[in-house]
Amino acid sequence: MNPPDLADRIAVSSVARHWLASLTGVLLGGVTAVSAVLFTVAAILALASARLLGRRGALVRAAVDSGALALSEWDTRRIVRFHGTLRTDVAAPHRCRWYLATRWTIGLLGVGVVLLLTLCLVVAGSMISAWVLSGSWGLIENVDRVDGGLVALVSLPGILLIFVAIAGVAGVGALDRWYAVQVLGRQTERILHRRVAELTSSRDHVVDAIDDERRRIERDLHDGIQQHLVALGMLIGRARRAEKPDKMHELLTQAQATSQEAIDELREVANRVYPIALDKDGLRAAVEAMSERTGVPVRLTYGLPKRLRPAVESVLYFVISEAVTNAAKHACPKLLKVDITHQRFDRVLATVTDDGPGGADPSGTGLSGLVRRVAAVDGALSVHSPVGGPTVVTVSVPCG
């Protein structure tokens, strides 16, 4: 076999494999289109009922959002598997709902193209079989002989239809991927401009966050540890000047207690700067240790199968710690719930919920500092705190 012949066979085989992959993707797209239509109808009814339920409708809305994210993720995986790579932006429930509500037209178009191809192949097969069986072989008697010229004349439109249907399968796959890019995916120029703006903003936010952290550390050292050390020095000086042994012993006892307070305060400051448990045992252990120091009962739900990269763990820990501290200080809740789970599209979702009176100001100093911290790792933070509660702080950050 000559090398050109081998190359041609490889090329033809590759084209055939790609076309079969497109055909499989189009057929599965028809199934997902039906699922999308059913979900859209159910979602419309569920969201309408959620409005009537008021606050209790939050669970219904959350279920609809979760379903939209799940179906969209499954469909994007189908597109990546059969039609080519697809990079999506941060998953937004409303965009996923819109995608599912409109993509069914492409799914039905794909089903129509496949049915047209099937019909053309069936008709072509029947014509060929009729011509062969009624030809010179004479395999079947009493069958009218089919004119070969008539068969050739009639077959030309059929061949064109078969070709159009075969090309249409690949075209529907390309259209499916293009639409997903338009609704869920990234476009290079648009995402580049937005990325530059985000990096410029996050750089300024990181500088501000570092300055705020330095001021807080300086304030903790000045107001806490420095005061204990000054008191310790004064107690030791008084003990040195004391003439009575009992008085000296009493002052030294006070000095020892003050030194222990200074050590405890120093450990607390160091833990606020960066907890040792976070490096040693990971995010779960660090959050559990932080929860034990909180004066409010904390119920932790941790659903991550493995450890995250250090930068993500650090951001999540400090956001959760700050949110828990703010809730315990200002909301006076009876219970705090911390949920850390894996979100779709390779992200981590952490929520801090308290049963306090609500009314938290998202533009406050503490919450704005959390926004800057999360933005540094391309995350998103939201605060929902209606009057009457509950207050829910939600943070979503990428795993990679």
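What counts, and where the lines are drawn
- Residues numbered from 1 in each chain as written.
- Predicted model: local features only at pLDDT ≥ 70, side-chain atom pairs only at ≥ 80, totals over all residues.
- Heavy atoms only, no water.
- 1 Å grid on protein atoms, 1.4 Å probe; cavity = no way out; pocket = protein on both sides within 12 Å on 5 of 7 lines; lining within 4 Å.
- Points joined across faces, edges and corners; volume = space filled by probe spheres on them.
- Helix = DSSP H or I, 4+ residues; strand = E, 2+ residues; numbered from the N terminus.
- Nonpolar A, V, L, I, M, F, W, Y, C, P; charged D, E, K, R; others polar.
- Salt bridge = Lys/Arg side-chain N within 4 Å of Asp/Glu carboxyl O.
- Buried < 20%, exposed > 50% of the residue type's maximum accessible area, 1.4 Å probe, protein only.
- Contact = heavy atoms within 4.5 Å.
- Core = buried A, V, L, I, M, F, W, Y, C linked by side-chain atoms within 4.5 Å.
- Pairing = 2+ DSSP bridges.
- Axes fitted to C-alpha atoms, helices over the stretch in contact; angles between N-to-C directions.
- Phe/Tyr/Trp six-rings, centres within 6.5 Å; stacked < 30°, edge-to-face > 60°.
- pLDDT = per-residue confidence, 0-100.
- Parallel < 35°, antiparallel > 145°, perpendicular 65-115°, else oblique.
- Left-handed = near helix turned anticlockwise from the far one by under 90°.
- Expected span 1.5 Å × (residues − 1).

### Remarks on empty space enclosed by the protein
Here is step 1 of the chain: Per the stated rule, a full pass over the model turns up two cavities of 30 Å³ or more.
Here is step 2 of the chain: Size it by volume and the second largest cavity reaches roughly 40 Å³.
Here is step 3 of the chain: Counting only elements with at least two residues in the lining of the second largest cavity, the list comes to α1 (3-53), α2 (58-83), α4 (104-133) and α5 (148-183).
Here is step 4 of the chain: Among the elements that make up the lining of the second largest cavity, the one with the highest residue count is α1 (four residues).
Here is step 5 of the chain: Residue composition of the lining of the second largest cavity, grouped by class: three nonpolar, seven polar and three charged.

### Here we look at the pattern of salt bridges
Opposite charge on two side chains allows them to pair when their charged atoms are near.
Here is step 1 of the chain: Within this structure, the stated rule accounts for eight salt bridges.
Here is step 2 of the chain: Residues Asp176 and Arg103 are paired through a salt bridge, measuring 3.2 Å at the closest nitrogen-oxygen approach. Remark: Arg103 occurs in the loop between α3 (93-102) and α4 and Asp176 occurs in helix α5; sequence separation between them is 73 residues. The exposure classification of Asp176 matches that of Arg103, with both residues buried.
Here is step 3 of the chain: Ionic pairing is found between Glu288 and Arg284, a salt bridge with its closest N-O pair at 3.4 Å. Placement of the pair is Glu288 and Arg284 together in helix α9 (residues 283-293), with a separation of four residues, close to one helical turn.
Here is step 4 of the chain: One connected set of salt bridges, linked through shared partners, spans Asp75, Arg78, Arg103 and Asp176.

### Observations concerning the side chain of His83
Here is step 1 of the chain: Here His83 is to be found in helix α2.
Here is step 2 of the chain: Discounting chain neighbours no more than four positions away, the residues touching His83 are Ser22, Gly25, Val26, Arg78, Gly173, Asp176 and Arg177.

### A word on the nonpolar core
Here is step 1 of the chain: One finds Leu316, Ile320 and Ile340 to be the most contacted residues of the largest nonpolar core, which totals 33 residues.
Here is step 2 of the chain: Listed in part, the 28 residues of the second largest apolar core include Val26, Leu69, Ile79 and Leu86.

### Overview of the sheet that holds strand β4 (residues 380-384)
Here is step 1 of the chain: Pairing is mixed across the open sheet formed by five strands, whose spatial order is β1-β2-β3-β5-β4. Looking at which strands have only one partner, the edges of the open sheet turn out to be β1 (298-302) and β4. Across the sheet, the mean angle from the axis of one strand to that of its neighbour is 10°, orientation sign disregarded.
Here is step 2 of the chain: The pairing of β4 with strand β5 (residues 391-398) spans five bridges and is antiparallel. Along β5, the bridge assignment pairs Val383 with Val393.
Here is step 3 of the chain: Helix-sheet contacts for α9 involve β1 and β2 (336-343), and the interaxial angle to β1 is about 175°.

### Overview of the packing of aromatic side chains
Here is step 1 of the chain: Per the stated rule, a full pass over the model turns up two aromatic pairs.
Here is step 2 of the chain: Considering the side-chain rings of Tyr99 and Tyr179, the 6.1 Å spacing of their centres and the 25° angle between planes classify their relative orientation as stacked. Here Tyr99, found in helix α3, pairs with Tyr179, found in helix α5; they are 80 residues apart in sequence, far enough to count as distant. With respect to class, Tyr99 is no different from Tyr179; both count as buried.
Here is step 3 of the chain: Judged by centre distance (5.3 Å) and plane angle (75°), the ring pair of Tyr317 and Phe318 falls under edge-to-face.

### Thoughts on the pairing of β5
Each regular strand shows side chains that alternate between the opposite faces of the sheet.
Here is step 1 of the chain: For β5, a buried count of seven out of eight residues is recorded, marking the element as mostly surrounded by other parts of the structure.
Here is step 2 of the chain: Where strand β3 (residues 347-354) and β5 come together, eight bridges link them in antiparallel fashion. Looking at β5, one finds that Thr351 is bridged to Thr394.
Here is step 3 of the chain: Hairpin connection, β4 to β5: the antiparallel pair is bridged by six residues, and Gly388 has positive phi, about 100°.

### What to know about the confidence of the model for the protein
Here is step 1 of the chain: Confidence along the protein averages 77 in pLDDT terms, with 78% of residues attaining 70 or more.
Here is step 2 of the chain: Overall, residues 136-146 carries pLDDT values under 50, and its contacts beyond four positions in sequence, including any with other chains, amount to 12 contacts.

### Quick word on the packing of α9 against helix α10 (residues 310-331)
Here is step 1 of the chain: It is at 10 Å that the axes of α9 and α10 come closest, and there the two elements cross at 15°. Classified by the interaxial angle, the pair formed by α9 and α10 is roughly parallel. You can see that α9 and α10 cross each other, and the crossing is right-handed. The segment α9 lies against α10, with Leu283, Ala286, Val287, Met290 and Arg293 engaging Glu313, Leu316, Tyr317, Ile320, Ser321 and Val324.
Here is step 2 of the chain: Taken together, the residues of the contact of α9 with α10 break down into eight nonpolar, one polar and two charged.

### A word on α10
Here is step 1 of the chain: For α10, spanning 22 residues, the distance from its first C-alpha to its last is 30 Å, which sits close to the expected 32 Å at 1.5 Å a residue.
Here is step 2 of the chain: Within two residues after α10, Cys332 carries a phi angle of roughly 50°, on the positive side.

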